[in-house]
Amino acid sequence: MKKVALLFTIILTCFTSTLFARKIEGQIISSADTQNVVFNIPFRFLSKVPNFERLQIRVRYYDASGKLVTLKPDDAEEIRFMLGREQIRMLSRPNTIGANIFSNQKNIFLRLKIDGPLKMFHYYYTQTSPGMYSGATGGMSAGSSYSVENSILQKNNGELKRPRGLFFRKDMCEYFSDCPQLIERIEAKDFRRSDMEAIVRFYNLNCAR
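About the thresholds
- Residues numbered from 1 in each chain as written.
- Predicted model: local features only at pLDDT ≥ 70, side-chain atom pairs only at ≥ 80, totals over all residues.
- Heavy atoms only, no water.
- Axes fitted to C-alpha atoms, helices over the stretch in contact; angles between N-to-C directions.
- Helix = DSSP H or I, 4+ residues; strand = E, 2+ residues; numbered from the N terminus.
- Parallel < 35°, antiparallel > 145°, perpendicular 65-115°, else oblique.
- Left-handed = near helix turned anticlockwise from the far one by under 90°.
- Contact = heavy atoms within 4.5 Å.
- Nonpolar A, V, L, I, M, F, W, Y, C, P; charged D, E, K, R; others polar.
- Core = buried A, V, L, I, M, F, W, Y, C linked by side-chain atoms within 4.5 Å.
- Buried < 20%, exposed > 50% of the residue type's maximum accessible area, 1.4 Å probe, protein only.
- Phe/Tyr/Trp six-rings, centres within 6.5 Å; stacked < 30°, edge-to-face > 60°.
- Polar contact = N/O pair within 3.5 Å; in protein donor to acceptor, adjacent residues only side chain to side chain.

Student: Just checking my understanding: could you explain the packing of helix α4 (residues 180-187) against helix α5 (residues 196-206) for this structure?
Tutor: Two measures define how a pair of helices packs: the angle their axes make with one another and the distance between the axes. Two numbers describe how α4 lies on α5: the axes approach to 10 Å, and their chain directions differ by 155 degrees. Judged by the inter-axis angle, α4 sits roughly antiparallel to α5. Both α4 and α5 take part in a crossing whose hand is right-handed. Facing α4, whose interface residues are Q181, L182 and R185, α5 presents I199, F202, Y203 and N206. Looking at the contact of α4 with α5 residue by residue, the classes come out as four nonpolar, two polar and one charged.

Here is the structure:
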């Protein structure tokens, strides 16, 4: 019974992580120029959302001859493409947050959510929950895996900041030491961890230099 449950978990994980690609027009931006290309954007099975976790490491596009070329974060400053009416921007940043430890790239593509003096990015990774033992059946239930997104902050061209969940208030008060108005709102719990977008917009409106 345990072997069957384990096999089911492996099959389910492989199935849900299967990638499908769509051709989407976009741009590769570097210090030298902007190149219009057709990207081969990966999607998970039955998902309308790109596999941003994969795009953080690399993106593939078609060159003039129709050949697929791999572009890595070390090789460009930014990639852009439209998904419906939304423009997706992924900026190359030094990987100082310890992401993708198995990659030999110095940089990582991060999805830009808010632009400005204080930028907010989203970083994506896969969280896995193990199967649970059931005393009633004497077997293991199937585990699951799901994508998680974390907010990453950057003031101007400074280092990336990944807020800590357990010490969010302390972390943010230290990070925003140049903005007493924002610290006051965070300490008063007007802004919580779930209000990251509002925090970034408040800083850019009231405290950015």
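Student: Teacher, can you tell me more about the nonpolar core here?
Tutor: As a rule of thumb, soluble globular proteins bury nonpolar side chains together. Residues L153, M172, F176 and L182 are the most contacted members of the largest nonpolar core, which totals 20 residues. Broken down by secondary-structure element, the contributors of at least two residues to this core are β8 (118-129), α3 (168-175), α4 and α5. Ranked by residue count, the leading element in this core is α5, at five residues. Setting aside residues up to four positions removed in sequence, M172 forms contacts with L153, K161, P163, I186 and M196. Counting residues in each nonpolar core, the second largest holds 19 residues, with F52, I79, L83 and Y124 among its members.

Student: It is not clear to me how the packing of aromatic side chains should be interpreted in this structure. Could you clarify?
Tutor: What characterises a pair of aromatic rings is the spacing of the ring centres plus the angle enclosed by the ring planes. Taken as a whole, this structure holds six aromatic pairs when the rule is applied. Geometrically, the ring pair formed by F52 and Y124 is stacked, given 5.0 Å between the ring centres and 20 degrees between the ring planes. With F52 in helix α2 (residues 52-55) and Y124 in strand β8, the pair connects residues that are 72 residues apart, well separated along the chain. For F52, a relative accessible area of 4% translates into the label buried.

Student: When you look at the side chain of N51 in this model, what are you seeing that I'm missing?
Tutor: By secondary structure assignment, the location of N51 is in the loop between β2 (34-44) and α2. When its relative accessible area of 5% is taken as the criterion, N51 is described as buried. Within the structure, N51 has its side chain in polar contact with the backbone nitrogen of R54 (distance 2.9 Å).

What is shown is where atoms sit, not what they do.
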